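# Survey of secondary and tertiary structure
The residues making up each chain are set out below.
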Amino acid sequence: MNLLSLTCQTTLASPPRCDGTAWMALPVLSGPMLVRSAAVLLIAVAGAACGGDGEPVNGVAAPPTSIEVVAPPSTSSSTTRPCQPAPLEARAATVLAVGINDATTAEAPLAASVAALGVGGVILLGPNIVDAAQARALITGLRQRSPRGLLVAVDEEGGRVSRLRPILGSTPSARTLGQRPLADIATVAAERAGVLRDLGFDLVLAPVVDADAGPAGGAVGDRAFAATPVEAGPRAAAFADGVRRKGVAATAKHFPGQGGLADSHDGAVVSNTPLADLRAAATAAFGPVVDAGVGAVMMSHVTYRALGPSPASLEPAAYRLLRSLGFAGVAITDAVGMEAIVGQWSLQEATVLALKAGADLVLATPGDKATAMRDGVVKAVADGRLPETRLDEAVGRVLTLRGEDPAAMVCR
């Protein structure tokens, strides 16, 4: 028995080609070769892209439909298994990054329980760091207790926001560093990231991309590299590039930019910046950082009325603005335990709202709330308030940042 098998060529960049030149005759197989090769013909693919009787669909010509194709009998009893996503509880935990309060060892009850929960990430703060050996043992222990991969992050900007001061010593502020050439900024960042990588960290919550020319001690102040978005963007990008060179993911913050505004740790902060100005500033500052391949972007808790009534971390329009810059990585919230958020929503509510708006990772420093936050996400999916597809999109991005295959947990 002879088999003529035809196939319609496709590419990732274009729909199936079904004109005469796209259809090719494969070698004629018979006897044992036919059994061993078991040709599969996807006529349905051609039918979906091409109309009958050679009529074009979306401008693509259809192939002749008068050819009879005979498929050989299958000699295999195997069937393709449908994708099985990870349990909903596991996926819900993956979109959380939480603290471990004042724990300094992975054996501490809260540290052990957070890791065992399978959260997507853990953030270490000042109380968690004693010295290099202790930090390394803590991070190793957390990973050993996690059922899956684990991002371990630290808020290490340099200057006054330095959680690793016992290890790094005194470091220059971004404002000071920003007065140096871009190459020097990248070198300093790479040296710092090398230490972080050696300790076991894979995510640093820096650089600050906000522009601020105000007092050094302001909410942003000397944490900013420069006074204007046009100046701040390239400097932050150089820092992010230096970090990336050492295999650590950088986090650009706080999108779309909150330099010179009040501190959202203390309460709600509102900006009346016109949309055109907001978009221009965000593009000038964050565009270069996105182009530098930053792995994560942290969303501000400031409410920008031009975008909507909610803080940017909970506002869909803010995430749409971020994605319009070409950013495809992880969008992480600022800590949802800050007063700008918990003054209006519970941690569980804020977590669901952030994910629904477009966040991929929700940051919360109180680790003892992690189980309640996870359960809130599970319930929101179950009752339809949070689309499961949105959750899976977030899980996929977190796994990609961790260097894992998203197919390990989600079906896409």
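Preceding block: the structure.
Within every chain, residues take consecutive numbers counted from 1 along the sequence as written. Local features in this predicted model are restricted to residues of pLDDT 70 or higher, and side-chain atom pairs are both shown and tallied only at a pLDDT of 80 or more, whereas totals for entire chains, interfaces and linings draw on every residue. Only heavy atoms go into the side-chain values, all of them from the structure, while hydrogens and water stay out.

## Quick notes on the nonpolar core
Worth spelling out the cut-off: Only buried residues count toward a nonpolar core, which is a set of Ala, Val, Leu, Ile, Met, Phe, Trp, Tyr and Cys residues joined through side-chain atoms within 4.5 Å. Buried, partly exposed and exposed residues are distinguished by accessible area as a fraction of the type maximum, computed with a 1.4 Å probe on protein chains only: under 20%, between the cut-offs, and over 50%, respectively. Only runs of H or I of at least four residues qualify as helices and only runs of E of at least two qualify as strands under DSSP, and these elements are numbered from the N terminus. Should any heavy atoms of two residues lie within 4.5 Å, those residues are considered in contact.
V119, L124, L142, F201 and F255 are the most contacted members of the largest nonpolar core, which has 99 residues in total. The dominant element in this core, judged by the number of residues it contributes, is helix α8 (residues 182-199), at seven residues. Those residues within four positions of V119 in sequence are excluded, and the remaining contacts are A93, T94, L96, V98, V114, G149, L150, A370 and R402. I123, L203, A249 and M338 belong to the second-largest nonpolar core, a separate cluster that totals 16 residues.

## Observations concerning the pairing of strand β11 (residues 296-299)
Going by this rule: The criterion for strand pairing is that DSSP finds at least two bridges linking the strands in question.
Both faces of β11 are covered, namely the face carrying A296 and M298 and the face carrying V297 and M299. Two elements, strand β9 (residues 249-255) and β11, share four bridges in a ladder whose sense is parallel. Looking at β11, one finds that F255 is bridged to M299. Summarising the sheet, β11 and strand β13 (residues 330-333) pair through four bridges and their orientation is parallel. Directly across from M298, in β13, lies its bridge partner I332.

## Looking at the environment of V98
Turning to its location among the elements, V98 is positioned in strand β3 (residues 96-98). When the C-alpha positions of V98 and T365 are compared, they lie 5.1 Å apart, and in sequence the two are 267 residues distant. For V98, the residues in contact, after removing those within four places along its chain, are V114, V119, G121, V122, I123, A364, G367 and A370.

## A few points about the packing of aromatic side chains
For any pair of aromatic rings, the description rests on two quantities: the centre-to-centre distance and the angle between the ring planes. Stated precisely, the cut-off is as follows: Between the rings of Phe, Tyr and Trp (Trp by its six-membered ring), a pair exists once the centres lie within 6.5 Å; its type follows the angle of the planes, with under 30 degrees stacked, over 60 edge-to-face, and the other angles tilted.
Following the criterion strictly, the structure yields two aromatic pairs and no others. Between F225 and F239, the ring centres sit 6.0 Å apart and the planes meet at 55°, which makes this aromatic pair tilted. Taken together, the residues F225 in the loop between β8 (203-204) and α9 (229-245) and F239 in helix α9 connect sequence positions 14 residues apart. Residues F225 and F239 agree in their burial class; the two are buried. Between the aromatic rings of F255 and F286, the centroid separation amounts to 5.0 Å while the plane-to-plane angle is 75°, which identifies the pairing as edge-to-face. Here F255, found in strand β9, pairs with F286, found in helix α10 (residues 275-291); they are 31 residues apart in sequence, far enough to count as distant. The burial state of F255 is the same as that of F286; both residues are buried.

## Observations concerning the sheet that holds β8
Strand pairing in a sheet is mediated by backbone hydrogen bonds. Such pairs are either parallel or antiparallel. Ordered by their spatial adjacency, eight strands build an open sheet running β13-β11-β9-β8-β5-β4-β3-β14, and the pairing between neighbours is parallel. In this open sheet, the two edge strands, each paired with only one partner strand, are β13 and β14 (362-364). One ladder, built from four bridges, connects strand β4 (residues 121-124) with strand β5 (residues 151-154); its direction is parallel. Each bridged residue has a counterpart across the sheet, and for G121 the counterpart in β5 is L151.

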